[in-house]
Each structure stands twice: as C-alpha cells, then as structure tokens.
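# A structural walkthrough
The lines below spell out each chain.
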Amino acid sequence: MLSSSITPFIFKNNFYHVKRDDLLKPFEGNKARKFYYFLKRDFPEIKRVISFGSNQSNAMYSLSKLCKIKGWEFIYYTNHIPLFLKRSPHGNYLGALKNGMKIIEIDLKGDDLRNFILSLKDKNTLIIEEGGRIKKSEEGIKILADEINEYCLKNNLKVFLPSGTGTTAYFLAKHLDVEVITTPCVGDSEYLKKQFDMLGRGKIPTILSPKKKYHFGKLYKNLYDLWRELKIAGIEFDLLYDPIGWETLLYYGLRNVLYIHQGGLQGNISMLKRYQRKYN
Ligand SMILES: *Cc1c(COP(=O)(O)O)cnc(C)c1O
C-alpha cells in the first residue's frame with residue numbers, strides 16, 4: 001500500500017536525492033504515512049471522522065479521501081471560509097467537498113476550538129487532531145524510515161524535510177540510523193522543540209532556523225521564485241513548506257541529502273491563485 005521511489009535531482013549544480021512520497025497512492029505525501037494506521041485497519045464501530053483546521057489544509061483533503069475509501073462521514077470545523085472560496089471552490093477545499101466533506105464554520109480558535117472538538121468524541125466518532133498531529137502516525141512514518149534507512153547508510157546521506165507540526169520529522173529521527181534535519185515552517189524553532197517534547201523523549205531531529213522569519217501561509221515573492229526554479233529543474237514541490245525547506249538547505253549549504261517530498265500538490269492550486277492575484 002505504501003512505497004515510493006527515490007529519484008536524483010540536480011538543483012543549482014548540486015546533486016540531491018528526493019524521496020517521492022508525492023507519488024504515493026491512494027493518497028499522497030506525509031498524510032498518507034500519517035493516516036496509514038487508519039487506512040490499514042478495520043474499525044467496525046467508526047461511522048465518522050471529525051477534524052479541524054484551516055479551510056485549505058492538506059490534512060483536510062487527505063482525510064476526505066480516507067473517509068471516502070472507508071465509507072465514513074467526514075465533518076470538518078474551520079473558523080473562517082472566505083466568500084470568494086465559497087463562490088468558487090478550488091484546491092484542497094474543492095477536492096475535499098467532492099469527496100463528501102461536510103464543512104462547518106465555527107467561531108472558536110486555538111484551545112477553545114480544540115477542546116470543543118475533543119468533546120464531540122463518542123464510540124462511533126474518530127477525532128483527528130489538526131494537521132494529523134497524532135501518535136498513531138508513527139506506524140506509517142516508521143515504514144517510510146524502513147524504506148530509506150539502508151539507502152541513506154549506503155550513500156552516506158542525511159535526511160532533510162521541512163516541518164509543520166514536526167510529527168513526520170520526529171518519528172523519522174526516532175526510526176532512522178542517520179541524522180534527520182528539519183526547519184520550522186509554522187512557528188519558530190522553540191515551537192518545534194515543544195512539538196517534539198509533546199511527542200515523546202529520545203532522539204530528536206536537528207533543527208535549523210530558516211534564513212528569514214516567515215509567517216505560515218503568507219505569500220513571499222522570493223519563495224514563489226524558488227518554487228518555480230525547482231519546478232523548472234524537474235520536480236514540482238509544495239508551495240507552503242518546500243520553498244522554505246529548500247531555501248534553508250541552500251542557505252546552510254547542506255550536501256549529501258535525501259530530501260523527503262511530502263506531497264501537497266493539490267494545495268498548490270489555491271496558493272498559485274493567490275500568488276497570481278497578488279503579483280500577476
Ligand atoms: C502536512 C505537511 C507537512 C508538515 O508535516 P508535519 O508532520 O506536520 O511536520 C509538510 N509538507 C507538506 C506538503 C504537508 O502536507
């Protein structure tokens with residue numbers, strides 16, 4: 001059910017290895033790894049999944065696919081859906097609606113929203129935390145580690161990937177025999193360290209701060225330009241995390257790297273629309 005290839009990638013005259021988790025089926029990227037636990041097992045009691053987060057989240061789209069495959073109802077809470085998105089749905093939002101998602105706007109944020117969602121738990125309902133930040137992710141991410149461990153040892157490679165909640169990087173570091181390096185794209189290095197603490201003790205990834213401070217989800221011309229250069233070099237990456245990841249990699253001059261492509265291409269549709277509107 002899981003397993004993707006590793007491809008060579010030459011960028012700015014340097015040679016990289018890229019793990020193509022963006023090509024995984026039936027759903028792609030690190031969310032496929034995170035939700036593998038649920039895909040693989042039968043849950044006779046479960047009738048629905050409830051989750052929450054932003055209206056264009058990659059996790060939301062992947063969960064909609066999981067629920068479609070499983071025949072589960074999918075209810076998703078978000079605190080705002082802009083009018084233009086309601087009028088012309090696109091990207092992850094459209095994809096998830098097509099898969100049957102019921103989306104509900106709610107006037108709660110942060111811990112209040114999270115506590116409200118957690119209170120909806122019953123024996124027929126699976127609650128999935130924002131972005132798939134769940135310990136159950138470990139099973140699928142360990143499979144990813146098993147797929148690349150030997151390859152990295154043989155080729156003397158470090159593993160690099162950009163982080164949101166840090167769940168993927170954390171469990172990779174736990175199960176790999178080589179160094180895992182990451183950079184925070186949501187919040188700063190301190191935030192990411194806290195995320196690692198919440199997931200457990202033991203070996204944690206090396207954290208490199210991005211070259212500049214970025215606000216997650218905001219548009220930055222330099223990040224778009226880098227994304228385009230990467231695409232022209234032969235691989236389409238995601239627009240939220242990967243440009244920050246690649247900028248960090250280049251900034252610190254990291255060599256002998258296996259870069260994990262964590263998917264997210266469905267989300268590029270909405271990011272590209274926003275970039276077009278802003279910069280034409
Ligand atoms: C969800 C996601 C991430 C962040 O993963 P974490 O495990 O939360 O760090 C990175 N890249 C892409 C494309 C994603 O969809």
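Here, the structure is the one placed above.
## Examining the environment of Y151
Inspection of the secondary structure puts Y151 in helix α7 (residues 138-155). For the pair Y151 and I6, spaced 145 residues apart in the sequence, the C-alpha separation amounts to 9.3 Å. Once residues lying within four places of it in the same chain are set aside, the contact partners of Y151 are I6, H17 and L157.

## Here we look at the sheet that holds strand β9 (residues 206-207)
Spatial ordering of the open sheet is given by β1-β2-β10-β7-β8-β9, a layout of 6 strands whose pairing is mixed. Pairing within the sheet leaves two strands with one partner each, and these edge strands are β1 (6-11) and β9. Sheet topology places strand β2 (residues 14-20) next to strand β10 (residues 257-261); 4 bridges connect them, and they run parallel. If you follow V18 over to β10, its bridge partner there is Y259.

## Notes on the site of the ligand
Around the ligand, the structure places 15 residues, and the nearest of them are K31, N58, G164, T165 and T168. Backbone polar atom of G164 to an oxygen atom of the ligand: 2.8 Å apart, as the coordinates give it. Take T165: an N or O atom from its side chain is 2.5 Å from an oxygen atom of the ligand. Protein contacts shield 97% of the accessible area of the ligand, which totals 390 Å² for the unbound molecule. Counting residues per element, the ones that place at least two in the shell around the ligand are α1 (29-34) and α8 (167-175). Residues belonging to the shell around the ligand are distributed by class as follows: 1 nonpolar, 11 polar and 3 charged.

## A closer look at the pairing of β10
Taking burial as the measure, the 5 residues of β10 include 5 buried ones, the bulk of the element. Neither face of β10 is open: one carries V257, Y259 and H261, the other L258 and I260, and all of them are buried. Two elements, strand β7 (residues 158-163) and β10, share 3 bridges in a ladder whose sense is parallel. When the sheet's bridge partners are listed, K158 is paired in β10 with V257.

## Comments concerning the pattern of salt bridges
Side-chain pairing between opposite charges can occur once the charged atoms of the two side chains come close. Counted under the stated rule, the structure contains 15 salt bridges. Between D22 and R20 there is a salt bridge whose closest N-O contact spans 2.9 Å. For D22, a relative accessible area of 8% translates into the label buried. By relative accessible area, which is 14% here, R20 ends up buried.

## Structural notes on the pairing of β7
On a regular strand, one side chain projects to one face of the sheet and the next to the other, so that they alternate. Across the 6 residues of β7, 5 count as buried, placing the element largely inside the fold. For β7 and strand β8 (residues 180-184), the ladder comprises 5 bridges, and the chain directions are parallel. Bridge pairing links L161 to T182 in β8.

How each quantity is defined
- Residues numbered from 1 in each chain as written.
- Predicted model: local features only at pLDDT ≥ 70, side-chain atom pairs only at ≥ 80, totals over all residues.
- Heavy atoms only, no water.
- Helix = DSSP H or I, 4+ residues; strand = E, 2+ residues; numbered from the N terminus.
- Contact = heavy atoms within 4.5 Å.
- Pairing = 2+ DSSP bridges.
- Near = heavy atom within 4 Å.
- Polar contact = N/O pair within 3.5 Å; in protein donor to acceptor, adjacent residues only side chain to side chain.
- Areas by Shrake-Rupley, 256 points an atom, 1.4 Å probe, with all protein chains shown as cover.
- Nonpolar A, V, L, I, M, F, W, Y, C, P; charged D, E, K, R; others polar.
- Buried < 20%, exposed > 50% of the residue type's maximum accessible area, 1.4 Å probe, protein only.
- Salt bridge = Lys/Arg side-chain N within 4 Å of Asp/Glu carboxyl O.

All quantities given are derived from atomic positions and should not be read as evidence of function.
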